[in-house]
Each structure stands twice: as structure tokens, then as C-alpha cells.
Amino acid sequence: QVQLVESGGGLVQPGGSLRLSCAASGTFFSINNMAWYRQAPGKQREWVASIPVGGTRNYADSVKGRFTISRENDKNTGYLQMNNLNPEDTAVYYCNAVLSMGPGWGSQSYWGQGTQVTVSS
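Residues numbered from 1 in each chain as written. Predicted model: local features only at pLDDT ≥ 70, side-chain atom pairs only at ≥ 80, totals over all residues. Heavy atoms only, no water.

### Structural notes on the overall build of the protein chain
The following threshold applies: Only runs of H or I of at least four residues qualify as helices and only runs of E of at least two qualify as strands under DSSP, and these elements are numbered from the N terminus. Throughout, the radius of gyration refers to the C-alpha atoms, and the reference size of a globule is 2.2 Å times the residue count to the power 0.38.
Tallying secondary structure elements over the protein chain gives zero helices and eleven strands in all. For the protein chain, the succession of helices and strands along the chain, N to C, is β-β-β-β-β-β-β-β-β-β-β. Taking 2.2 N^0.38 as the reference for a compact globule, 121 residues should give roughly 14 Å; the C-alpha atoms of the protein chain span a radius of gyration of 14 Å, in line with that estimate. If one aligns the C-alpha atoms of the protein chain with their principal axes, the spans along those axes are about 50 × 25 × 25 Å.

Set out below in C-alpha cells:
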């Protein structure tokens, strides 16, 4: 059984920083793509950033220059470093990973449980 466990959310003042982590555990072959999404109250879930294996990182315009996505493949863990946070960044942040289940077994998408990020003075 595969699990994605997020951590690192919390309350931070405007201009502050947080680092989110997403650890994948269970039985799978490799992580193809990792991404972060967020959902603010009353709004739809939106894509924030993604990092494919060996590929180019991509960011939503709203976070470009402030957020950095990264991954440590040997730890099956992804990160989202968030700097210069503002109240508009307040949301539940979700990790998504597309996992290869092995040669000939295809891939599956998994979601973490979400972690709350609140930016407020």
C-alpha cells in the first residue's frame, strides 16, 4: 500500500517561509512526477508546481520566484520551499505523485492528506 505523507505546514507571518515535505512509502518502482497543489477556502484546487524525474521544474505564475520545488529520489521525498509568503498563499497544500509500479505495470497517481498553510499577522 502506497502512502504520501506531508509535513511542514503551519502558521507564518507575511514575508515568512515554510518548507513542506512529502514522503512516499510502500511498494512501487519509482516516482515519475511529483507536484504540489493547493486549495483555498471556497476555491478549487489549483496546481502550484511540479518536478518530473530528470525534467524541468514548472511553477504557477502566482508562486514563480518565491517557491522552489525539489526532490530527493533516494529518499522518495519531495519538497516545496515557500518564501516571501503572503495571505493569498493560505490554503491546504496537497502533494501528488505519479508512481511507476514497475516495468509493464504502468503508473498510478497518489495524493497526500494535505497540510494547512496559514499566512497571517
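### Topic: the sheet that holds strand E8 (residues 77-82)
Applicable threshold: A pair of strands counts as paired when DSSP detects no fewer than two bridges linking them. Only the contacting stretch of a helix is used when fitting its axis, a line to C-alpha atoms as for every element, and angles between N-to-C directions run 0 to 180 degrees.
Within the open sheet, the four strands sit side by side as E1-E3-E8-E7. Their pairing is antiparallel. The sheet is open, and its two borders are formed by strand E1 (3-7) and strand E7 (67-72), each paired with just one other strand. On average, each strand axis in the sheet is inclined to that of its neighbour by 15°, with strand direction left out of account. Across six bridges, the pairing between E7 and E8 is antiparallel. Within E8, the residue paired with Arg71 across the bridge is Gly78.

### A closer look at the packing of aromatic side chains
Using the following cut-off: Ring pairs shown here join Phe, Tyr and Trp side chains whose ring centres sit within 6.5 Å, with only the six-membered ring taken for Trp; geometry is labelled stacked below 30 degrees between planes, edge-to-face above 60, and tilted in between. Charge over a ring is defined by NZ of Lys or CZ of Arg lying within 6 Å of the ring centre and within 35 degrees of the ring normal.
Using the criterion set out here, one finds one aromatic pair in the structure. If you follow Arg45 out to its NZ or CZ, it ends over the ring of Tyr94, 3.7 Å from the centre. Looking at Arg45, its charged tip hangs above the ring of Trp111, at a distance of 4.7 Å from the centre.

### Notes on the nonpolar core
For clarity, the threshold we go by: Put simply, a nonpolar core is a bunch of buried Ala, Val, Leu, Ile, Met, Phe, Trp, Tyr and Cys residues held in one set by side-chain atoms that sit within 4.5 Å of each other. Buried means the residue's accessible area, taken with a 1.4 Å probe over protein chains only, is under 20% of the maximum for its type, while exposed means over 50%, and partly exposed covers the values in between.
Counting 30 residues, the largest nonpolar core has Trp36, Val48, Phe67, Leu80, Met82 and Tyr93 as its most contacted members. Those elements that place two or more of their residues in this core are strand E3 (18-25), strand E4 (30-39), strand E5 (46-52), E7, E8, strand E9 (91-100) and strand E11 (115-119). The element contributing the most residues to this core is E9, with five residues.

### As for the pairing of E7
Judged by which residues are buried, E7 turns out to be one-sided: Phe67, Ile69 and Arg71 face inward and are buried, whereas Thr68, Ser70 and Glu72, on the alternate face, are not. Linking E7 back to E8 in an antiparallel pair, the connection comprises four residues, with Asn76 at a positive phi of about 50°.

### Examining the side chain of Thr90
Put simply, the rule is: Throughout this description, a polar contact denotes any pair of N or O atoms lying within 3.5 Å of each other; where both atoms belong to protein, one of them has to be capable of donating a hydrogen while the other can accept it, and for residues adjacent in sequence the pair is counted only when both atoms sit in side chains.
Mapped onto the elements, Thr90 comes out in the loop between E8 and E9. A polar contact is formed between the side chain of Thr90 and the backbone oxygen of Pro87, at a distance of 3.0 Å. Here Val119 takes part through its backbone nitrogen, which lies 2.9 Å from a polar atom of the side chain of Thr90.

### Overview of the environment of Ser17
Mapped onto the secondary structure, Ser17 falls in the loop between strand E2 (10-12) and E3. Judged by its relative accessible area of 39%, Ser17 is partly exposed. Once the C-alpha coordinates of Ser17 and Met82 are considered, the two residues, 65 residues apart in sequence, prove to be 5.4 Å apart. Only 2.9 Å separates the side chain of Ser17 from the side chain of Asn83, close enough to count as a polar contact.

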